[in-house]
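As a plain string of letters, each chain reads:
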Amino acid sequence: MSKILHIICSPRGDRSASLTVAKSFLEAYQAKNPGDQIETLDIWKTTIPEFNGETIKGKYAIMNGQKFTPEEEAAWKAVVKLADHFKSADKYVISLPMWNFSIPYKHKHYIDVLVQPGLTVGFENGSYKGLVTGKPMVAIYARGGGYGPASGAEGYDLQSKYLKQIFGFIGITDIKDVFVEGTASKKDEALEKGKAQAKELAAGF
Ligand SMILES: Cc1cc2nc3c(=O)[nH]c(=O)nc-3n(C[C@H](O)[C@H](O)[C@H](O)COP(=O)(O)O)c2cc1C
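Notes on the structure follow. Because the structure is predicted, anything quoted here is derived from the model rather than measured. (Residues numbered from 1 in each chain as written. Predicted model: local features only at pLDDT ≥ 70, side-chain atom pairs only at ≥ 80, totals over all residues. Heavy atoms only, no water.)

## Thoughts on the overall build of the protein
Along the backbone of the protein there are six helices and seven strands. Ordered by position from N to C terminus, the α and β elements of the protein give β-α-β-α-α-β-α-β-β-β-α-β-α. In terms of overall dimensions, the protein is globule-like: its C-alpha atoms have a radius of gyration of 18 Å, near the 17 Å expected for 205 residues. Considering the protein as a whole, with its 205 residues, one finds that 45% of them fall into the buried category. Counting every atom, the protein has about 10500 Å² of accessible surface; 53% of that belongs to carbon and sulfur. If the 26 positive side-chain charges of the protein are averaged to one point and the 23 negative ones to another, these points end up 0 Å apart. (Helix = DSSP H or I, 4+ residues; strand = E, 2+ residues; numbered from the N terminus. Rg over C-alpha atoms; globule rule 2.2 N^0.38 Å. Buried < 20%, exposed > 50% of the residue type's maximum accessible area, 1.4 Å probe, protein only. Areas by Shrake-Rupley, 256 points an atom, 1.4 Å probe, with all protein chains shown as cover. Lys, Arg positive; Asp, Glu negative; His and termini not counted. Charge placed at Lys NZ, Arg CZ, Asp CG, Glu CD.)

And the structure:
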């Protein structure tokens, strides 16, 4: 039995294009894999720990065997808990809106807590090495405009570039994309196309 972690990055609920397509994907996936467990992490409805000076101080003190305060220890433990929860999954689905050509700030907050040396990324022979390996991901990107090949706007797509780069950095390199494009002007068409693509991907995930 595999555990799928679905990370919801849009706060728009039923109006969210990325979530609508993710639901189609997960329905098709669950029908094919009834024994698998799907867990949802809505980053807008969860408390993501602060990653502030106290957390960083606690992290280095604990790592270096130095003295730390109970507050620093608690702050670092919350980071470890978030990373352990992420790593407890076997496969990932991320439904992700484009905001200002990139990802929503809540998602960046989640990533800044998750991506930590010793927890999700290691250092070996002079280079970084992702520690979350052998786990595939499907990324469902929604955007109001179009950024595909020949759109002339490819360079503005920092959403999919960043997602691939940062999750690749921690070891998740098998990332399949579903682009739900043009939701501002032709949402229904974008949803139909996205759902069809998602169902196809679900068959082999
Ligand atoms: C704060 C904000 C910023 C946005 N920035 C962009 C953008 O840079 N480019 C774009 O094509 N669409 C942009 N949009 C539109 C969203 O990408 C679009 O509505 C998409 O469908 C959102 O995904 P969702 O429906 O899953 O929430 C933005 C929307 C919001 C709310």
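## Description of the nonpolar core
Ile-7, Phe-86, Tyr-110, Leu-163, Phe-167, Ile-170 and Ile-172 are the most contacted members of the largest nonpolar core, which has 33 residues in total. The element best represented in this core is helix α3 (residues 70–87), accounting for five residues. (Core = buried A, V, L, I, M, F, W, Y, C linked by side-chain atoms within 4.5 Å.)

## Looking at the sheet that holds strand β6 (residues 137–143)
Here we have five strands laid out as an open sheet, ordered β2-β1-β3-β6-β7, and parallel in their pairing. A strand with exactly one partner marks an edge of an open sheet, and here the two such strands are β2 (37–42) and β7 (175–181). Neighbour to neighbour, the strand axes of the sheet diverge by 15° on average, direction disregarded. Across five bridges, the pairing between strand β1 (residues 3–8) and strand β3 (residues 91–97) is parallel. Looking at the pairing, Ile-8 lines up with Ser-95 of β3. Most of the contacts of helix α6 (residues 187–203) go to β7, to which it runs at about 165°, and overall it touches β6 and β7. (Pairing = 2+ DSSP bridges. Axes fitted to C-alpha atoms, helices over the stretch in contact; angles between N-to-C directions. Contact = heavy atoms within 4.5 Å.)

## Section: the pattern of salt bridges
Considering all chains together, one arrives at twelve salt bridges under this definition. When the shortest N-O distance is used, the salt bridge between Lys-108 and Asp-112 registers 2.9 Å. Here Asp-112 and Lys-108 lie together in helix α4 (residues 105–114), a separation of four residues that amounts to about one turn. Between Arg-143 and Asp-157 there is a salt bridge, with its nearest N and O atoms 3.0 Å apart. Of this pair, Arg-143 sits in strand β6 while Asp-157 sits in the loop between β6 and α5 (158–169), placing them 14 residues apart in sequence. The residues Arg-143 and Asp-157 share a single accessibility class, namely buried. (Salt bridge = Lys/Arg side-chain N within 4 Å of Asp/Glu carboxyl O.)

## A short note on the packing of aromatic side chains
The full count for this structure, using the stated rule, is 14 aromatic pairs. Ring centres 6.4 Å apart and planes at 15° place the aromatic pair Phe-25 and Tyr-29 in the stacked group. Of this pair, Phe-25 and Tyr-29 both sit in helix α1 (residues 17–32), separated by four residues, roughly a single helical turn. For Tyr-29, a relative accessible area of 0% translates into the label buried. (Phe/Tyr/Trp six-rings, centres within 6.5 Å; stacked < 30°, edge-to-face > 60°.)

## Notes on the site of the ligand
Near the ligand there are 16 residues, and of these Ser-10, Ser-16, Ser-18, Tyr-147 and Thr-183 occur at the shortest range. At 3.2 Å, a backbone N or O of Gly-144 approaches a nitrogen atom of the ligand. Between the ligand and Thr-183 there is a distance of 2.7 Å, counted from an oxygen atom to a side-chain nitrogen or oxygen. For the ligand, whose unbound accessible area comes to 630 Å², protein coverage reaches 75%. When the residues that make up the shell around the ligand are grouped by side-chain class, the tally is seven nonpolar, seven polar and two charged. (Near = heavy atom within 4 Å. Polar contact = N/O pair within 3.5 Å; in protein donor to acceptor, adjacent residues only side chain to side chain. Nonpolar A, V, L, I, M, F, W, Y, C, P; charged D, E, K, R; others polar.)

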